[in-house]
Amino acid sequence: MASLNKAILIGNIGKDFELRKTAAGSSIANLTLATTRRYKDGQGQPQEETEWHNIVFFGKTAEIASQYLHKGSSVYVEGRLRTRKYTDKQGIERYVTEIIGETLQFLDKKPADVRSTNVRKATPQHADDDADVPF
């Protein structure tokens, strides 16, 4: 049976981030993205709720994101969900769900020193690639 793991988000970056490198030299950028839902409650009062998403970019996309994006930048992100387990500093096992970013599009006005602010279909360069996908 076919399956699909796809997340599509439009939101604002929650804080500045830095580029990291793996031991093999691959680039990784982690960022938080806020999406806000606005609605009216049962009494007709406007309400707002913000959801925070952990996004991870790899390779050239990570490098471009770290160079041009900052807190408050508006972006469009497509990717896939991944949940992983890690052990924190106190030795407690924890889980985190994140989006592995595959497509990134800048939505802010184009910076003067950037010719293209769109990054399309960047291929993650890490061991978690979907090598077993039959298509």
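Digging into the nonpolar core
Piece 1. Core analysis: the largest hydrophobic core is formed by 18 residues, its most contacted members being Leu33, Ile55, Leu69 and Leu104.
Piece 2. Sorting the residues of this core by element identifies β1 (7–13), β3 (27–40), β4 (46–58), α1 (59–68), β5 (74–87) and β6 (93–106) as the ones contributing at least two each.

So, the side chain of Glu78
Piece 1. The residue Glu78 is located in strand β5 in this model.
Piece 2. Judged by relative accessible area, Glu78 falls into the buried class, the value being 13%.

Quick notes on the packing of aromatic side chains
Piece 1. Applying the stated criterion across every chain yields a total of zero aromatic pairs.
Piece 2. The ring of Tyr39 carries Arg37 above its face, with NZ or CZ at 4.1 Å from the centroid.

Points about the pairing of β1
Piece 1. In the sheet, β1 pairs with β5 via six bridges, with the strands oriented antiparallel. Opposite Gly11, over in β5, you have Val75 as the bridge partner.

Quick notes on the rules
Residues numbered from 1 in each chain as written. Predicted model: local features only at pLDDT ≥ 70, side-chain atom pairs only at ≥ 80, totals over all residues. Heavy atoms only, no water. Core = buried A, V, L, I, M, F, W, Y, C linked by side-chain atoms within 4.5 Å. Buried < 20%, exposed > 50% of the residue type's maximum accessible area, 1.4 Å probe, protein only. Helix = DSSP H or I, 4+ residues; strand = E, 2+ residues; numbered from the N terminus. Phe/Tyr/Trp six-rings, centres within 6.5 Å; stacked < 30°, edge-to-face > 60°. Lys NZ or Arg CZ within 6 Å of the ring centre and 35° of its normal. Pairing = 2+ DSSP bridges.

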